[in-house]
Amino acid sequence: VTGVQTCALPICWFSSGAASAVATKLTLSKYDPERVVICRIDPGSEHPDNVRFAKDCADWFGHPIVNMRSDKYEDTWAVWEGVRYIAGAAGAPCTRELKRRVRYQFERPTDIQVFGYTTEERDRADDFRDQNPGVTLETPLIDNDLTKEDTLAIIDRAGIELPAMYRLGYHNNNCIGCPKGGMGYWNRIRIDFPEVFARRAAQERDIGATCIRENGRPLWLDELDPNRGDKIGRAHV
């Protein structure tokens, strides 16, 4: 990102998902589009179809998207290798390093932060406000009583093909192999992206840390029963 912000701006954090896309569209209709900044943080491990979806959305918005990346880590794999930790009670380090730190470097306390929380995610929005009391958060989807399914339908009606991860049946458009996924999610990854599953299973052993825990104990991917879980992606960031 180049240049210096000189005034408070509505910043739409576009995650290449349907919800954030609709939240951005609503924000552009609320504010002078010349004041709105649309930011996409690329963690380096998303499905390549997200590039196409972002371009289609930029055309729909009639507004450019500012692309950002970490200047320290290339992708999620580099984060896990660097910190020797994948996920747990403290959360996922990839979210912190590849998304939050990048956002913190750009945003200013006076800016309006727009996120695509849907009506099902009121608790997440409340938690964000509690944890960031100095941030002005706007949630246009909650304000308009829009659900996740509503946002998918809006994108469809706009004539935009949904991202590949949605089309494969995943509930969210996260990185391929999100460490927040459970047994069903990882067994779905085992089927759709076997190379990612194998690489993560090997990395778990190398690092000595797992993505999944069962009854408080680590569950290694290379020991995961292929029949466990519902094989539907349930990870979220």
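Note that the coordinates shown come from a computational prediction; the quantities given were computed from them, not determined experimentally. (Residues numbered from 1 in each chain as written. Predicted model: local features only at pLDDT ≥ 70, side-chain atom pairs only at ≥ 80, totals over all residues. Heavy atoms only, no water.)

With respect to the nonpolar core
- With 27 residues, the main nonpolar core has Trp 186, Ile 189, Phe 193, Ile 212 and Leu 221 as its most contacted residues.
- Counting residues per element, this core draws most heavily on helix α10 (residues 194-207), at four residues.
- Ala 18, Ala 23, Leu 28 and Ala 54 belong to the second-largest nonpolar core, a separate cluster that totals 26 residues. (Core = buried A, V, L, I, M, F, W, Y, C linked by side-chain atoms within 4.5 Å. Buried < 20%, exposed > 50% of the residue type's maximum accessible area, 1.4 Å probe, protein only. Helix = DSSP H or I, 4+ residues; strand = E, 2+ residues; numbered from the N terminus.)

Overview of the packing of aromatic side chains
- The tally for this structure, following the rule as stated, stands at 10 aromatic pairs.
- Through pairs of rings, three or more aromatic residues link up here, namely Phe 14, Phe 53, Trp 60 and Phe 61.
- Above the ring of Tyr 170, the side-chain terminus of Arg 188 is found at 5.1 Å from the ring centroid.
- Above the face of the Trp 77 ring, Arg 200 is positioned so that its terminal group lies 4.7 Å from the ring centre. (Phe/Tyr/Trp six-rings, centres within 6.5 Å; stacked < 30°, edge-to-face > 60°. Lys NZ or Arg CZ within 6 Å of the ring centre and 35° of its normal.)

Quick notes on the pairing of strand β1 (residues 10-13)
- By the alternation rule, side chains of β1 split into Pro 10 and Cys 12 and Ile 11 and Trp 13, which are all buried.
- Pairing between β1 and strand β4 (residues 112-114): three bridges, direction parallel. Within β4, the position partnered with Pro 10 by the bridge is Ile 112.
- Across three bridges, β1 lies against strand β2 (residues 37-41) in parallel orientation. (Pairing = 2+ DSSP bridges.)

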